[in-house]
Amino acid sequence: MRTFALVRLAIWRSSLEQWTWRSFLITIVVGQAVTPLLGLFVWSAALPGSDTVATYFVVLLAVQLLTVSFEHHTLSNGIYSGTLSGALLLPQPVVIDFIGSNIGFRLWHVVFGLPFVALAAAVTSTHVTAAGLRLAVPAVLLAGTLRFVFTYTLALSALWTDRAHAVVGLGETVIFLLGGTAAPIGLLPQPLRSLGHVLPFWPMLGLPAETAAGMLRGSTLAAAYAAQIGWLAVLIALAVVIWRRGLGRFTAVGA
Amino acid sequence: MMSSYRTGVPAPSGPATVDVAGLAMTYRVPVRTAGLRAAFRSLVHREYKHLAAVSDVSFQIPAGQVVGFIGPNGAGKTTTMKILSGILHPTAGRARVLGFDPHRRHRDFLKQIALVRGSSPISGPTELTVMDNFAYRRLLYEINEDRFRANVAELTGILDLGPLLGRQLRALSLGERMRAGLALALVHRPRVLFLDEPTIGLDATAAIAVRRHVADYARTTDATVMLTSHYMTEVEALCSRVLLIDRGRLRYDGSLPALAARLSPSKLIRVQQGDEAAVVEWERYGEVADAGPDHVTLRVPRTDVPRVTAALLAEVRVSDLTVTDPPLESVIDRFYRVASA
C-alpha cells in the first residue's frame, strides 16, 4: 500500500517537473512518432489496401507512446552527475522515483501524442474492435513494464561506463529492428522472424499492437502473454543482480 | 608532519552511535598523459590510478555528541560522510551507524538519519513547494499526522519558514533553500545528522540561524551530529570534539581548544600604551606580531604568558591589555600547510 502511495507521489512529482519543459516534451513526442508513421507510410505503399497493416502501425504508434522509456536520461544522468546520492538517502527503493518519472513521461506522451494517433487513424482505414482493445490492455501494461525494466537495466551500465547513452541507444535500435517497428514481425524474412518471436523485443512493442489489431488470437495470444511474463521475470532478475553489483561502484562524483 | 593523536575529550562510554574501524575508500580513476597520441592509445589501453580518499580511519561517536569533521579540501571528509550515510560502499574496514551497516541501506536506518549538503540542500523536483516537500516526507518517513504538524510548526517558527511554505523550491534564494533544506531534513527527527558545509554561501544572519537551530536540535533531541565545515567559528560554536582528517587519514581526535594549544604553542598579548610618547623595547617581552601607533601585539609562549603579563603591567604604562589565542583559522591553516609540506 505504501509502495503504491509512493509511486503515485513520484508520478505526481515527476509529471509536474516535466510539465515545466513541455515545449521540449512535444519535440520528444514528435520524435517518438516518426518511426511508426514511417512504417505506416512505407508498408501501406508496399501492401496497398491492407487494412491490417494500417491498423497495426496506428496502434503501434499508440503503443510506442505508451511504452517510451528514458532511463538513460533519468537514471544514467543521475549516476553521472551524482544526484543519485539524494535518492540513495531516502527510505524507499531507489527505483520508485524512476518508475514515477517513467510513467510521468508516458502520461505526457499520451496527452501530446493523442492528436497524432487520432489523425493517423482518421486518414487511414484503421479498424480496431473493442474486444481487440480489451485483450491488448494487459499486453500494453506488460510491454510498458518490460521496456522500462530493459531500459533501466541498460541505463545501469552508467555504473561501469560513461557511454550508457550509447548502450541504451543500441537497445533502442534492436527494439526498432526486431520489435516490430521496422516491419511487423510476421513480414520479416527467416530466420529473423523466428528470432524476433523468441527475443524480448517483440513483446515490448509489436505484440500489443498485433493484439489490438486482431492479429493474435487464442493459443497464440496466450503464448504471447506467457512470453511477456517470462521475459519480465528474467529481466527483473537481471536488473536486480546488476543493481546490486553496480551500486558498489557508485562513486557519487560531483554530488 | 603531525602524527595522529587524541586528547581533550573523554573516550565515549557505552555503545557508540557511529562506530568506524579501519575504514578505507579507494577510487579507481582513469589517467592518461596529454596529447593526441595518448588519447588514441587510451581508447584501446586505458590506464588507471588508485586514489586513496580514506585510509584506515577509526573513531566512535556516542549519542548526543556534536562532532566537527575538519580538514582541507580533498581530505576525505565528504567521502567518509557518504560512507556513513550509505551512499558509498567502503573498499575496506567497517562502519556501523545506529547498529546498521550503512551501505545496506536498511529502511529503518535511512528513516533515522539525514544528510544535508550546503552545496545542494534540497534534491528532487524544484517545481514543488516547500509544503509539498514536507507532505512528501511525511509519507516517506511514515510520520504520524499530529507529530508531523507539530514538527512542521516548530521548524517553521525556528527557521522562519512561514513565508516560504507556499513557494516553489526553484524560486528560493540560496539562504532560503538552505533553511528549507535543513527543515526538510529534520522533519522526521533524525537520530543522526550529517551536515556537509551547511552554511556555505549563507549570509551572517542565515548562518547564525542555522547554527543556533542545529545546536538546539542536538541539545533537545540528543541527536548525534557530524559536521564538516571550513568555518572554524562554526565548528567552535557547535562542536565539543573535532576529528581532523588530512589526505584520508585521521590526524587528530579531541577538543578544539586542545588542538589549538597543540598546534599553536603561543598566545597573543595585545597592549595599548597609556603614554604613546614612551619608547618601549617590546622585543624584551616577546615577538612583535603587529604594531600600530597606539598598540602592539606580542606573540608569547603559553608558559611565559603570566610572567610577561606581570612584567608589562609593572614596567609599562598600559591603558589596556588582552590575552588571546591566535585565530583558529590561522592555526588550522598552519596545520594544513605543515601537513602538506
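Each remark here, short or long, concerns the structure printed above.
Not measured: the values here are computed from a predicted model.

Bringing the overall build of chain B into the picture now. Helices and strands together make up the secondary structure of chain B, namely eleven helices and 14 strands. A principal-axis box enclosing the C-alpha atoms of chain B has dimensions of 75 × 60 × 45 Å. By residue count, 39% of the 341 residues in chain B fall in the buried class. Taking the contacts inside chain B whose residues are at least 6 apart along the sequence as the reference set, 73% of them involve residues at least 24 apart.

On to helix α7 (residues 130-155) of chain A. For α7(A), built from 26 residues, the straight-helix expectation of 38 Å at 1.5 Å per residue is met to within 8% by its first-to-last C-alpha distance of 36 Å. Remark: the principal bend of α7(A), roughly 30 degrees, maps to A:A136, with a proline, A:P138, within the next four residues.

Now for the packing of helix α1 (residues 2-19) of chain A against helix α6 (residues 95-123) of chain A. When two helices pack together, their arrangement is given by the angle between the helix axes and by the axis-to-axis distance. Residues and elements named next belong to chain A. The contact between α1 and α6 brings their axes to 7 Å, and the two run at 55 degrees. With respect to each other, α1 and α6 are oriented oblique. For α1 against α6, the interelement crossing comes out right-handed. In contact with L6, V7, A10, I11, R13, S14, S15 and Q18 of α1, α6 contributes I96, D97, I99, G100, S101, I103, G104, F105, L107 and W108.

Attention now goes to the packing of helix α3 (residues 51-67) of chain A against α7(A). All names here are of chain A. Put simply, α3 and α7 touch, their axes get as near as 9 Å, and they point 50 degrees apart. As far as their axial angle goes, α7 and α3 are oblique. For the crossing formed where α3 meets α7, the hand is right-handed. Residues V63, L66 and T67 of α3 pack against V140, A143, G144 and R147 of α7. Split by residue class, the contact of α3 with α7 holds four nonpolar, two polar and one charged.

This part covers the nonpolar core. A:L61, B:V67, B:V225 and B:L227 are the most contacted members of the largest nonpolar core, which totals 142 residues. The element contributing the most residues to this core is α7(A), with twelve residues. Residues in contact with B:V67, not counting those within four places in the same chain, are B:I61, B:V225, B:M226, B:L227, B:C239, B:R241, B:V242 and B:L243. Ranked by size, the runner-up nonpolar core spans six residues in total, among them B:I269, B:V271, B:Y285 and B:V300.

Residue and element names in this part refer to chain B. Read from one edge to the other, the open sheet built from three strands follows the order β3-β2-β5, with strand pairing classed as antiparallel. Each having just a single partner strand, β3 (47-61) and β5 (92-97) make up the two edges of the open sheet. If you compare each strand with its neighbour and ignore which way they point, the axes differ by 30 degrees on average. With five bridges joining them, strand β2 (residues 18-31) and β5 adopt antiparallel strand pairing. Looking at β5, one finds that V18 is bridged to V97. Strand contacts of helix α2 (residues 77-84): β2, β3 and β5, with the helix running at about 115 degrees to β2, the strand carrying the most contacts.

Thresholds, definitions, all that
- Residues numbered from 1 in each chain as written.
- Chains lettered and ligands numbered in written order.
- Predicted model: local features only at pLDDT ≥ 70, side-chain atom pairs only at ≥ 80, totals over all residues.
- Helix = DSSP H or I, 4+ residues; strand = E, 2+ residues; numbered from the N terminus.
- Buried ≥ 20, exposed ≤ 12 C-beta atoms within 10 Å, placed from the backbone.
- Contact = placed C-beta atoms within 7 Å.
- Expected span 1.5 Å × (residues − 1).
- Bend = angle between axes of the 7 residues up to and from the residue.
- Axes fitted to C-alpha atoms, helices over the stretch in contact; angles between N-to-C directions.
- Parallel < 35°, antiparallel > 145°, perpendicular 65-115°, else oblique.
- Left-handed = near helix turned anticlockwise from the far one by under 90°.
- Nonpolar A, V, L, I, M, F, W, Y, C, P; charged D, E, K, R; others polar.
- Core = buried A, V, L, I, M, F, W, Y, C linked by C-beta atoms within 7 Å.
- Pairing = 2+ DSSP bridges.

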